[in-house]
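Notes for the structure review
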Amino acid sequence: MALSGEYEPSPAQWVRDQVEAYEASGGKEANILRGKPEWPIVVITSKGAKSGKLRKNPVMRVEHDGVYAAVASKGGSPEQPTWYYNFVAHPEVELQDGPEPHTYKVRIAEGDERAEWWERAVQQYAPYAEYQEKTDREIPVFLLERA
């Protein structure tokens, strides 16, 4: 089931630009981070925890056997990214990895499962390890499974 509601673009211009280009091209353009082909992204649409409005974020593509991970790193900041709260409040999202978005259920990975997915995430995007060193919080790893 597709998410419904009013879309409110990100206050960050680069996020708005990347999401718009990604969606307009069916994922053929704007599908990598900072011009690096080894850092592919997906676009995740979530419902705002407070506003209820739809929010879209480019997130590193970490996928294994059809399950995706979304790493709430915020660059190692002491605070969670805003979308963390959206995922917790509304654990159903749309993920677009290519031309079509699909609905996914979201949950936080814990214990050994988190450790396994964290390793996958760091293999895909090495800066995650640096981000973890910068913060006292354990960076959450959400798992997204097709609904």
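Relevant structure appears above.
A brief structural summary. Per-chain numbering applies: the sequence of each chain, read as written, is numbered from 1 onward. Residues qualify for local features only when their pLDDT is at least 70, as the model is predicted, and side-chain atom pairs are given and counted only at 80 or more; totals for whole chains, interfaces and linings, by contrast, use all residues. Only hydrogens and water are removed before side-chain values are computed, so all heavy atoms of the structure are retained for them.

**Here we look at the layout of surface pockets**
To keep things clear, this is the line we draw: In this analysis the probe radius is 1.4 Å and the grid spacing 1 Å, with only protein atoms considered; a cavity is a set of points the probe fits into but cannot get out of, a pocket is an open set with protein on both sides within 12 Å along at least five of seven lines, and lining residues have an atom within 4 Å of a point. Grid points are joined across faces, edges and corners, and a volume is the space filled by probe spheres set on the points. Secondary structure is summarised from DSSP: a helix means a run of H or I of at least four residues, a strand means a run of E of at least two, and numbering begins at the N terminus for each. Under the scheme applied, nonpolar residues are Ala, Val, Leu, Ile, Met, Phe, Trp, Tyr, Cys and Pro; charged residues are Asp, Glu, Lys and Arg; polar residues are all the others, including Gly.
Roughly 780 Å³ of internal volume is contained in the largest pocket. W14, N57, P58, P81 and W83 are, among the 32 residues lining the largest pocket, the residues nearest its centre. Secondary-structure elements contributing two or more residues to the lining of the largest pocket are α1 (13–24), β3 (54–60), α2 (82–89) and α4 (127–134). Tallied by class, residues from the lining of the largest pocket come to 18 nonpolar, 8 polar and 6 charged.

**A few points about the packing of helix α3 (residues 111–124) against α4**
Spelled out, the test is: Axis angles are defined between N-to-C directions and span 0 to 180 degrees, where every axis is a line fitted to C-alpha atoms and, for a helix, only to the segment in contact. Convention used here: angles under 35 degrees read as roughly parallel, angles over 145 as roughly antiparallel, angles from 65 to 115 as roughly perpendicular, and any remaining angle as oblique. Contacts are assigned to residue pairs that have any heavy atoms within 4.5 Å of one another.
The geometry of α3 relative to α4 is characterised by a closest axis approach of 7 Å and an angle of 120° between their N-to-C directions. If you check the angle between α3 and α4, you find them oblique. Contact with α3, carried on its side by R114, W118, A121 and V122, involves Y128, A129 and Q132 of α4 and no other residues of that element.

**Considering the pattern of salt bridges**
Any two side chains of opposite charge can pair, on the condition that their charged atoms come close. Keep this limit in mind: What makes a salt bridge here is a side-chain nitrogen of Lys or Arg within 4 Å of a carboxyl oxygen of Asp or Glu, nothing more. Relative accessibility decides the category of a residue: with a 1.4 Å probe and only protein chains considered, values under 20% of the type maximum give buried, values over 50% give exposed, and everything between is partly exposed.
Per the stated rule, a full pass over the model turns up 11 salt bridges. With a shortest N-O distance of 4.0 Å, E79 and K74 are connected by a salt bridge. In this structure, K105 and E92 form a salt bridge, with 2.9 Å as the shortest nitrogen-oxygen distance. Residue K105 is found in strand β7 (residues 101–108), and its partner E92 is found in strand β6 (residues 92–96); the two are separated by 13 residues along the sequence. Accessibility expressed as a relative area gives 43% for K105, which makes it partly exposed. Through salt bridges with shared partners, a single network forms among E8, K53 and R55.

**Here we look at the nonpolar core**
Using the following cut-off: Nonpolar cores are built from buried Ala, Val, Leu, Ile, Met, Phe, Trp, Tyr and Cys residues. Side-chain atoms within 4.5 Å join them into one set.
Grouped together as the largest cluster of nonpolar side chains are 23 residues, with contacts concentrated most on M60 and Y128. Elements with a minimum of two residues in this core: α1, β2 (36–47), β5 (67–71), α3, α4 and β8 (141–146). No other element matches α3, which puts 4 residues into this core. For Y128, the residues in contact, after removing those within four places along its chain, are M60, V71, S73, W118, A121 and V122. In this structure, V42, Y68, W83 and L95 belong to the second largest nonpolar core, which totals 15 residues.

**Remarks on the packing of aromatic side chains**
Ring pairs (aromatic) are described by centroid distance and by the angle formed between their planes. Selection rule: For this analysis, a ring pair means two rings from Phe, Tyr or Trp (six-membered ring only for Trp) whose centres lie within 6.5 Å, classed as stacked if their planes differ by under 30 degrees, edge-to-face if by over 60, and tilted for the remaining angles. In our convention, an over-ring charge means Lys NZ or Arg CZ found within 6 Å of a ring centre and within 35 degrees of that ring's normal.
Under the counting rule described, the total for this entry stands at 11 aromatic pairs. Consider the rings of W83 and F142, whose centres lie 6.0 Å apart with planes at 55°: the pair is tilted. Placement of W83 in helix α2 and of F142 in strand β8 is noted, with a sequence separation of 59 residues between them. Each member of the pair W83 and F142 is classed as buried. Put simply, the rings of W39, W118, Y125, Y128 and Y131 touch in pairs and so form one group of aromatic residues. Note that K56 overlies the ring of Y7, its terminal NZ or CZ placed 4.8 Å from the centroid.

**A few points about unusual backbone geometry**
Backbone geometry follows two general trends: most residues other than glycine have a negative phi, and most peptide bonds adopt the trans configuration. Phi at A30 takes a positive value of approximately 55°, unusual for a residue other than glycine. Among the secondary structure elements, A30 is positioned in the loop between α1 and β1 (32–33). One non-glycine residue, R34, adopts positive backbone phi at about 50°. Residue placement: R34 occurs in the loop between β1 and β2.

**Quick notes on the pairing of β8**
This is how the line gets drawn: Each pair of strands is called paired provided DSSP finds at least two bridges between the two strands.
Relative to β8, β5 runs antiparallel, the two being bridged by 4 bridges. The partner of V71 across the bridge, within β8, is V141. Pairing of β7 with β8 involves 5 bridges; the strand directions are antiparallel. When the bridges of β8 are listed, V106 appears paired with L144.

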